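Each chain, written out:
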Amino acid sequence: MKLNWIEQMAQRGKEKKAGSSGGKSRFSGEYLATSYLEFFEQKKHTIVPSANLVPDDPTLLFTAAGMVPFKSYYSDPDNAPYPMAASVQKCLRAGGKQSDLENVGRTLRHHTFFEMLGNFSFGDYFKKEAIDFAWELSCDVWAFDSNRIWISVYEDDDEAFDLWAGRIGIPKKRILRLGKAHNFWGPVGDTGVCGPSSELHYDTGEERGCGKKSCAPGCDCDRYIEFWNLVFPQFFYTESGKYDPLPKPGIDTGMGLERVAFIKQEVDDNFHTDLFLPIRDAVARAVPKDRVTEARLAINVGADHVRALVFALSEGIMPANEGRGYVLRRLLRRALTKMHPFGVREPFLSPAVDAVVETMGSRYPEIRQRHDVVKDIITAEEERFLVTVEQGLDKLEDVLDRTRSKKKKTISGTDAFVLYDTYGFPFELTKELAEDAGLGVDEKGYVAEMDAQRERGRGRSFHANADAVEETEFVKIRAAESTEFRGYTDLECRAEIVAFRRVIVGERSAVEVVPDHTVFYPEGGGQVSDRGTVRFGNQVFEVIRVFRRNGLIVHRLDWDIDTGGAEDVIHSNKKVQLTVDRTLRRSTERNHTATHLLHAALRKTLGTHVSQAGSLVAPDRLRFDFHHHHGLSNDEVRRIQEIVNDNVLSDTEVSAKVVSYKKAIDDGAMALFGEKYGDKVRMVTIGEFSRELCGGTHLRHTGEVGAFVVTHETAVAAGVRRIEALTGLGALSYIDGLLEGQRELAELLKTSPDDLVRRARAVLDENESMKRKLAERDQEATGDRLREALANAQDISGIRLVVYRTDDGDLGGLRKQGDLLRSNLGRGVGLLFLDLEKKPTVLVIVSDSLLEEGTFAANAIATSAGEKFSFRGGGKKHMAQLGVAGGEDFENIVGFVRTMLGEGG
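This is a predicted model, so every value here is computed, not measured.

Undergrad: Could you give me a rundown of the overall build of the chain, with the residues and numbers involved?
TA: Scanning the chain for helices and strands turns up 26 helices and 36 strands. A total of 905 residues make up the chain; the buried ones form 49% of that total. The contacts in the chain between residues at least 6 apart in sequence include a share of 67% that link residues at least 24 apart. Split by element, the accessible area of the chain, about 43500 Å² in all, is 47% carbon and sulfur.

Undergrad: With reference to specific residues and values, describe the packing of helix α2 (residues 29–42) against helix α7 (residues 257–265).
TA: For the pair α2 and α7, the least separation of the axes is 9 Å and the interaxial angle reads 115 degrees. As α2 runs across α7, the sense of the crossing is right-handed. Across the interface between the two elements, G29, L32 and A33 of α2 pack against L257, V260, A261, K264 and Q265 of α7. Residues belonging to the contact of α2 with α7 are distributed by class as follows: five nonpolar, two polar and one charged.

Undergrad: For the sheet that holds strand β25 (residues 622–627), give the residues involved together with the corresponding values.
TA: Strand pairing in a sheet relies on backbone hydrogen bonds. The paired strands run either parallel or antiparallel. Taken in spatial order, the four strands of this open sheet run β24-β25-β30-β29, and their pairing is antiparallel. Looking at which strands have only one partner, the edges of the open sheet turn out to be β24 (612–617) and β29 (708–717). Adjacent strand axes in the sheet meet at a mean angle of 15 degrees when their direction is disregarded. The sheet contact formed by β25 and strand β30 (residues 720–727) spans six bridges and is antiparallel. Bridge pairing in β30 places F624 opposite I723.

Undergrad: Tell me about the packing of aromatic side chains, and please be specific about residues and values.
TA: Scanning all chains against the criterion turns up 38 aromatic pairs. Their ring planes at 45 degrees and their centres at 4.8 Å tell us that F70 and F120 sit as a pair that is tilted. Separated by 50 residues along the polypeptide, F70 in the loop between β1 (46–47) and α3 (71–75) and F120 in strand β3 (residues 113–121) bring together distant segments of the chain. F70 gets classed as buried once you look at its relative accessible area, which sits at 2%. For F120, a relative accessible area of 0% translates into the label buried. Measuring from ring centre to ring centre gives 6.4 Å for Y73 and Y82, while their planes differ by 90 degrees; the resulting arrangement is edge-to-face. Considered together, Y73 and Y82 belong to a single accessibility category, that of buried residues.

Undergrad: Which residues make up α2, and what values go with them?
TA: Counted at 1.5 Å a residue, the expected span for α2 with its 14 residues is 20 Å, and the 20 Å between its end C-alpha atoms agrees. When we look at burial in α2, the residues that qualify are G29, Y31, L32, A33, S35, Y36, F39 and F40.

Undergrad: How would you sum up the pairing of strand β28 (residues 690–693)? Please name residues and give values.
TA: Alignment of strand β27 (residues 680–686) against β28, held across four bridges, turns out to be antiparallel. Bridging from a neighbouring strand, T685 pairs with R691 of β28. Where β27 folds back onto β28 in an antiparallel hairpin, the turn is made up of three residues, including G687, whose phi is positive at roughly 55 degrees.

Undergrad: A description of the pattern of salt bridges should follow, citing residues and the corresponding values.
TA: Counted by the stated rule, this structure contains 46 salt bridges. The partner of R638 in a salt bridge is D635, and the shortest N-O contact between them spans 2.6 Å. Within this pair, R638 and its partner D635 are both found in helix α19 (residues 634–649), separated by three residues, close to a single helical turn. According to the relative accessible area criterion, R638 is partly exposed, its value standing at 44%. A relative accessible area of 54% means that D635 is categorised as exposed. Connected via shared salt-bridge partners are D530, R585, R586, E589 and E704.

Undergrad: Please give an account of the sheet that holds strand β26 (residues 654–660) that cites residues and values.
TA: Strand order across the open sheet formed by three strands is β26-β27-β28, with antiparallel pairing between neighbours. Only two strands of the sheet have a single neighbouring strand rather than two, namely β26 and β28. Each neighbouring strand pair of the sheet contributes to a mean axis angle of 25 degrees, computed without reference to strand direction.

Undergrad: Break down the nonpolar core for me, with residues and values.
TA: By size, the foremost hydrophobic cluster in this structure holds 119 residues, and its most contacted members are W142, F144, I149, W164, L200, F227 and W228. With sequence-adjacent residues up to four places away left out, L200 is seen in contact with A134, S138, I149, W150, I151, W164, I225, E226, F227, W228 and L230. Listed in part, the 26 residues of the second largest apolar core include A594, L598, L606 and F708.

Undergrad: Can you lay out a nonpolar patch on the surface for me, pointing to particular residues and giving the numbers?
TA: Side chains of L729, L732, I735 and L739 sit close together on the surface and give an oily, nonpolar patch of about 380 Å² of accessible area. Along the chain, L739 falls in helix α21 (residues 728–748). Exposure remark for L739: the relative accessible area of 38% places this residue in the partly exposed category.

Undergrad: Account for a negative patch on the surface, naming residues and giving values.
TA: Among the surface-exposed residues, D778, D807, D808 and D835 lie close enough to one another that they form a single negatively charged patch. One can find D807 in the loop between β32 (799–806) and α23 (811–823).

Undergrad: Mind laying out the side chain of T518, listing which residues take part and the relevant values?
TA: Take T518: it is sitting in strand β19 (residues 517–518). Classification of T518 by relative accessible area gives buried; the value is 0%. A polar side-chain atom of T518 sits 3.0 Å from the main-chain amide nitrogen of F520. With residues up to four places along the chain from it excluded, the contact list for T518 reads T483, E484, F485, R486, G487, C493, I553, H555 and L578.

Undergrad: Any chance you could break down helix α5 (residues 158–168) for me, citing the residues and the numbers?
TA: Taken together, the buried positions of α5 are occupied by A160, F161, L163, W164, A165 and I168. Each element contacted by the buried residues of α5 is listed here: α4 (127–141), β4 (149–154), β5 (175–178), β7 (192–203) and β8 (224–231). Once α5 ends, the next one or two residues include G169, with phi positive near 95 degrees.

Undergrad: An account of the confidence of the model for the chain is requested, with residue identities and associated values reported.
TA: Mean pLDDT over the chain works out to 87, with 93% of the residues at or above the 70 mark. Counting contacts from residues 12–25, a segment whose pLDDT is below 50, to residues more than four positions away or on other chains yields 17 contacts. The low-confidence segment residues 458–466, where pLDDT is below 50, has three contacts with residues more than four positions distant or belonging to other chains.

Undergrad: Give me the packing of α4 against α5: which residues, what numbers.
TA: With their axes 10 Å apart at the nearest point, α4 and α5 run at an angle of 50 degrees to one another. Regarding the angle of α4 to α5, the classification is oblique. As α4 packs across α5, the resulting crossing turns out to be right-handed. Along the contact surface, α4 presents K127, K128, I131, D132 and W135, while α5 presents E159, A160, L163, W164, R167 and I168. When its residues are assigned to classes, the contact of α4 with α5 shows six nonpolar, no polar and five charged.

Undergrad: Residues and numbers for the environment of D57, please.
TA: Tracing the backbone shows D57 in the loop between β1 and α3. Between the alpha carbons of D57 and R586 there is a distance of 33 Å; along the sequence they are 529 residues apart. Residues contacting D57, with those up to four places away along its chain left out, are K71, R324 and Y661.

Undergrad: Hey, could you go over unusual backbone geometry for me, with residue numbers and the actual values?
TA: Each neighbour pair has its own omega, and for G186 with P187 the value is -5 degrees, a cis peptide bond. With respect to the helices and strands, P187 occurs in the loop between β6 (184–185) and β7. Phi at K407 is positive, roughly 60 degrees, even though this residue is not glycine. On the basis of relative accessibility, which here comes to 77%, the residue K407 falls in the exposed class.

Undergrad: Could you give an account of the environment of C194, with specific residues and numbers?
TA: In this structure, C194 sits in strand β7. When the C-alpha positions of C194 and V231 are compared, they lie 8.8 Å apart, and in sequence the two are 37 residues distant. Excluding its chain neighbours within four sequence positions, the residues that come into contact with C194 are F184, W185, G186, P187, F232, P233, Q234, F235, Y237 and Y243.

Reading the values: rules and limits
Residues numbered from 1 in each chain as written. Predicted model: local features only at pLDDT ≥ 70, side-chain atom pairs only at ≥ 80, totals over all residues. Heavy atoms only, no water. Helix = DSSP H or I, 4+ residues; strand = E, 2+ residues; numbered from the N terminus. Buried < 20%, exposed > 50% of the residue type's maximum accessible area, 1.4 Å probe, protein only. Contact = heavy atoms within 4.5 Å. Areas by Shrake-Rupley, 256 points an atom, 1.4 Å probe, with all protein chains shown as cover. Axes fitted to C-alpha atoms, helices over the stretch in contact; angles between N-to-C directions. Left-handed = near helix turned anticlockwise from the far one by under 90°. Nonpolar A, V, L, I, M, F, W, Y, C, P; charged D, E, K, R; others polar. Pairing = 2+ DSSP bridges. Phe/Tyr/Trp six-rings, centres within 6.5 Å; stacked < 30°, edge-to-face > 60°. Expected span 1.5 Å × (residues − 1). Salt bridge = Lys/Arg side-chain N within 4 Å of Asp/Glu carboxyl O. Core = buried A, V, L, I, M, F, W, Y, C linked by side-chain atoms within 4.5 Å. Patch = residues over 30% accessible without salt bridge, like charges linked within 9 Å, V, L, I, M, F, W, Y side chains within 5 Å. Lys, Arg positive; Asp, Glu negative; His and termini not counted. Charge placed at Lys NZ, Arg CZ, Asp CG, Glu CD. Polar contact = N/O pair within 3.5 Å; in protein donor to acceptor, adjacent residues only side chain to side chain. pLDDT = per-residue confidence, 0-100. Parallel < 35°, antiparallel > 145°, perpendicular 65-115°, else oblique.

In structure tokens, the structure reads:
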């Protein structure tokens, strides 16, 4: 007898449960995802591929739910491209309101990155069908034990309660009515679409529970796992606080694939499903075998976070100090910090990337394509932070010990600030590790310290800034809500002044005027403002700055006059002539169009992960900051320069038009994260090469750029690079300067410009040879001094005390000498003094034999000496240091240590 589709799927489910072809077939994650989509395809849903983790909405950090790509369809279902949809959506919850970050590792079910199975209706079916589908798939296809499924509904949703009890047949004692916190969704903002929800929970057994009599769905323990959430968007919440029924209510469901796999594969937790286990095993290999069990939660954190990093980095999101990039950096640092207490001191996430790609690459080919790049980025970030975390954790341990010794339960805001400001240790990690140690952190105190630092910075900036402005209120001539900008097409116009004021700029006075319309571009989007003139009758004043203020465009004039005098001139000239400096405007446009070409060339050369992090467009230069994980090679810079100049030579048309935001994004225009765009946006297009949302001014053809040359490529911050460049005559002048410098250098080296590189290399080789000889001589002298110090060692109760002074070198060299001394010390302690005028330092070393005995430790000696003589001291057990004022302090420390050794020996 031929089985229908549902029966076929159910039969396949039974075969999976029986484990007919090995562990992976036993309700594998791939099977669950595929069967979900097949089920809803049979139910006439359109299968929609996963959207990116970076949503089209620039106000959102990440796609955090399956409904994000469809959210506009709920308020306007008639314009939805299909009435029903289903998807397996990549989601990331690691920042913002929906963040699960703090729970990852502390529970067995929360993740940052996860896959959400979802089915959606935009005004088509409603509660009855959604509940039918959920029950049919769970019990008939996936063979869930129906007696272990509990239901929660919103407390006032009688319709959902009756459907579960009457139509499906769930015993009423297993249907709970919960409040808004559990079973009501939305609105996302102050107003908008919202509605009740109903959740399916699976009872995993008493042994996973908290033991409380009140334990039930909604409890924070791991017994009742919510695996499917059915949201019923049926209201619109208004500004007046009313819930207006939607004319066409919808359905929005979400189910975590990882949770379903955990239930069906009957394993310990999500991390032991086939979706996670290979990744978890790869992370666990970094931990010493005898510590794997105690490192369980840290390994789970690493496995979770590396999945999130691989998928986010594969979409071109780069680690940074703000926005999405900061979330990635925090994930990576959190994983490293969690593993550190278990002896992990080397990068371990990058090897786990291979496991992520092997486990998930068949369903998400984009992570295979970006495999090598992702590994490089993660390795670079790991190596950079491991240096910080080593020092920061030592200091944090000191802070924790000091806090406990004072019988306090909270780390001071000052200590948290010092950890961040001096040692680069992120506040979030301080807070989390303090909680692990049973302590809190004074967050208000930390914020106060940060605010105080910003104020100190502002104070320094104010006194150093000759353009500090003293403002007064505007004198309004007539009411105006905005200034119309006409500068895209015109460079001069007649206008009426609607407001003005006198300001003090540095030590000079100026006048700021607001016209009803203008041709002057106000500074914004990285582009500087236009310069030019404003004519009042026979009087002409230079425009030195233009900026926006609450919809108005303010023009600052170089006009030293009192308020009354300015008012007389303005009232006697109803209309004024505004004229933009054409040469400066054209130079600025040249650099702005070149900036767009540069952005596109960077993405073409380095990858689509490149995105703008900041820019400056001025008449004389351009500067472009972008997200990228390492410095550019000379070949990469040369290639980028060639691509831009090829587009300049092609003389491609540059066009700008106002379109809807959705159309611009659909057409491939780049939008900046964090920018708030209206329904209508201005899209600047350069042939098929570049398309960006931009309000700035541009050339009409790329050929007008003239020439483009990169002058500098540098790092701005971790993961952020900067390119500075010139165009037009500025580029030609720069090249002339380089050629002239080359000629002068050739003369100095007594060679020709063509032979300059060979001659310079020869001179450098000679210089290196001389340096090596001098270093060998210095090393011999240092060895002699160390041997002399060892020979003069003092024996105190069987412990050798070696005292060594030097006034040559630096702290790095002193540490190397300390390592050399330790290797020859025997059972002893060494005190090394770097006697420099600016920063004299004492280094304390302790031999391995003393450390093994537990008698003395370098950091304990340094801390005790520091407390005795009011110096800051600390470090590691084998080597520590103190900052002192001079040689007399060193002698005091030597005497102090002699006493310690005598008493301790």
